[in-house]
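# Residue-level structural notes
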Amino acid sequence: MSVLATASLYDAATVIPALVLAAGKSTRMGRLKALLPAGDHDSFLSRIVRTFATAGVERTVVVLGHEAAALRAHLASQGLAPEIALNHGFEAGQLSSLLVGLDAIEQPGAEDVEAVLLMLVDAPFVAPATVRAVIERYRQTHAPIVRPVRGDEHGHPVLIDRTLFPLLRAADPAFGAKPIVRGHVTAAGDVTVDDSGAFMDIDTPEEYARVNGGR
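Residues numbered from 1 in each chain as written. Predicted model: local features only at pLDDT ≥ 70, side-chain atom pairs only at ≥ 80, totals over all residues. Heavy atoms only, no water.

Attention now moves to the layout of surface pockets. With a probe scaled to a water molecule rolled over the atoms, the places where space remains empty come into view. Its volume calculated, the largest pocket comes out at about 1200 Å³. In terms of lining, the largest pocket is formed by 41 residues, of which the most central are Leu 21, Gln 94, Leu 120, Asp 122 and Lys 178. Listing elements by their share of the lining of the largest pocket, those giving two or more residues are strand S1 (18-22), helix H3 (94-105), strand S4 (115-120) and helix H6 (178-183). Per-element tally for the lining of the largest pocket: the top contributor is H3, with four residues. Considered class by class, the residues forming the lining of the largest pocket number 21 nonpolar, ten polar and ten charged. (1 Å grid on protein atoms, 1.4 Å probe; cavity = no way out; pocket = protein on both sides within 12 Å on 5 of 7 lines; lining within 4 Å. Points joined across faces, edges and corners; volume = space filled by probe spheres on them. Helix = DSSP H or I, 4+ residues; strand = E, 2+ residues; numbered from the N terminus. Nonpolar A, V, L, I, M, F, W, Y, C, P; charged D, E, K, R; others polar.)

And the structure:
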């Protein structure tokens, strides 16, 4: 897997890993969302992993749960080897996968991790330039939350500073991470981008048909 690094965005002393949540059953889609085609050669999941690599992200952790073996094999067949974290309790909801991912990221020796790029498997069409723009804004401002925006919309990926990890760990599973993210949004962390893929959440067959029909 080739990595096109953008050296000016990355501090050799620190790491901003990407965390991809792909553990759920895709109940609303009716089939495994992570394996849906996203272009000529990629699935939703492989395209996201490849996007982070192209953007120069040095470490990507994918959280798997439902059909984990199939997804692991699929990534290998695509020539991709991100780190895998297994969420055996994925049916508890999305927050459980986020916490499993944080555990994987914060293993002993991970003191150099300063933030995480959070991505859902629902959003495969984010451009590498958007990922780089989010990282660059964080490097400039160290805002606790950095996210792409377009008017009143906000999109993916969301960068979360490490100082918020304890709050995520203490979050109410009924509400998940959203209250924490929304409670720490600032103007400094909002990055205006011209990338329609950053604002696409594809959860249902109808949404997929609309997006797929336009590609």
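Okay, H3 next. Compared with an ideal rise of 1.5 Å per residue, which puts twelve residues at 16 Å, H3 spans 17 Å between its outermost C-alpha atoms and is within 8% of the ideal. Within H3, nine of the twelve residues are buried, leaving the element largely enclosed by the surrounding structure. Buried residues of H3: Leu 95, Ser 96, Ser 97, Leu 98, Val 100, Gly 101, Leu 102, Ala 104 and Ile 105, and no others. Lining the buried residues of H3 we find S1, strand S2 (60-64), strand S3 (83-86), S4 and helix H5 (165-169). (Expected span 1.5 Å × (residues − 1). Buried < 20%, exposed > 50% of the residue type's maximum accessible area, 1.4 Å probe, protein only. Contact = heavy atoms within 4.5 Å.)

Attention now goes to the packing of helix H1 (residues 44-54) against helix H2 (residues 68-77). Running from amino to carboxyl end, H1 crosses H2 at an angle of 55 degrees, the nearest separation of the two axes being 10 Å. What the angle tells us is that H1 and H2 run oblique. H1 and H2 meet at a crossing whose hand is right-handed. Listed contacts from H2 to Leu 45, Ser 46 and Val 49 of H1 are Leu 71, His 74 and Leu 75. A breakdown of the residues in the contact of H1 with H2 according to their chemical character gives four nonpolar, two polar and no charged. (Axes fitted to C-alpha atoms, helices over the stretch in contact; angles between N-to-C directions. Parallel < 35°, antiparallel > 145°, perpendicular 65-115°, else oblique. Left-handed = near helix turned anticlockwise from the far one by under 90°.)

In this section: the side chain of His 156. Relative to the assigned elements, His 156 resides in the loop between strand S6 (153-154) and strand S7 (158-161). Leaving out residues up to four positions away in the same chain, His 156 has contacts with Met 119, Leu 120, Ala 123, Val 126, Thr 130, Pro 148, Ala 198, Met 200 and Asp 201.

Following the criterion strictly, the structure yields two aromatic pairs and no others. Measuring from ring centre to ring centre gives 6.3 Å for Phe 44 and Phe 125, while their planes differ by 65 degrees; the resulting arrangement is edge-to-face. Separated by 81 residues along the polypeptide, Phe 44 in helix H1 and Phe 125 in the loop between S4 and helix H4 (128-141) bring together distant segments of the chain. Ring centres of Phe 44 and Tyr 208 lie 5.7 Å apart, and the angle between their planes is 65 degrees; on these two criteria the pair is classed as edge-to-face. Note that Phe 44 is positioned in helix H1 and Tyr 208 in helix H7 (residues 205-213), a separation of 164 residues in sequence. Comparing Phe 44 with Tyr 208, the two get one shared label, buried. (Phe/Tyr/Trp six-rings, centres within 6.5 Å; stacked < 30°, edge-to-face > 60°.)

Across four bridges, the pairing between S2 and S3 is parallel. Following the sheet pairing, Val 63 is matched in S3 by Ala 85. Note that the unit made of S2, H2 and S3 has a crossover that is right-handed. (Pairing = 2+ DSSP bridges. Right-handed = clockwise from strand over helix to strand, strands pointing away.)

None of this, on its own, says anything about what the molecule does.
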